[in-house]
Amino acid sequence: HSGFAHLQCLVQYAKSKTKDFAERGELTLSTMFVEKLFERCPNCKQEFQGDLYYEMTKAQLSFVEKEFKGANGWYIGTLTRRIHALDGGKEEDRIEGEEICAKMLSLID
């Protein structure tokens, strides 16, 4: 393996596999915890880091909000991972972090 994959290919793979699990009725928190489709390389199983982790958490949050918003356990985990990827020193990330905190609070109302 070359050690390189296109971000969009990784995102599409994770979305496709997630939808496959959902269609088979196998989309559970434990499945998503084990598979970590948006969190690690599908080939070598190493967890994503740096910019790739940042972009994959962004893609996962967008996907979950669009396709699986009612899955609150998975949603809160996705929000948490996204917050961990943000850089509080960057204004744009700080604003996004505040928005994520508000979303988390709305889930417990």
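Bear in mind that the values here come from a model prediction, so they are computed numbers and not experimental data.

Conventions adopted
- Residues numbered from 1 in each chain as written.
- Predicted model: local features only at pLDDT ≥ 70, side-chain atom pairs only at ≥ 80, totals over all residues.
- Heavy atoms only, no water.
- Disulfide = S-S within 2.5 Å.
- Phe/Tyr/Trp six-rings, centres within 6.5 Å; stacked < 30°, edge-to-face > 60°.
- Lys NZ or Arg CZ within 6 Å of the ring centre and 35° of its normal.
- Helix = DSSP H or I, 4+ residues; strand = E, 2+ residues; numbered from the N terminus.
- Buried < 20%, exposed > 50% of the residue type's maximum accessible area, 1.4 Å probe, protein only.

**Q** Report on the state of the cysteines, specifying residues and quantitative values.
**A** In the structure shown here, the tally under the stated rule is 0 disulfides. No disulfide involves Cys-9; its sulfur sits 12 Å from the nearest other cysteine sulfur, which is in Cys-41.

**Q** Quick one: what's the story with the packing of aromatic side chains, residue by residue and with numbers?
**A** One pass over the structure, following the stated rule, counts 3 aromatic pairs. Plain terms: the ring middles of Phe-63 and Phe-68 are 5.6 Å apart, the flat faces sit at 65 degrees to each other, and that makes the pair edge-to-face. Members of the aromatic cluster, joined through ring pairs, are Phe-38, Phe-63, Phe-68 and Trp-74. A cation over a ring is seen here: Arg-82 above Tyr-54, with NZ or CZ 4.2 Å from the ring centre.

**Q** Lay out the environment of His-84 with the relevant residues and their values.
**A** The residue His-84 is located in helix 4 (residues 72–85) in this model. Since its relative accessible area comes to 59%, His-84 is described here as exposed. In sequence terms His-84 and Val-11 are 73 residues apart; their C-alpha atoms lie 19 Å from each other.

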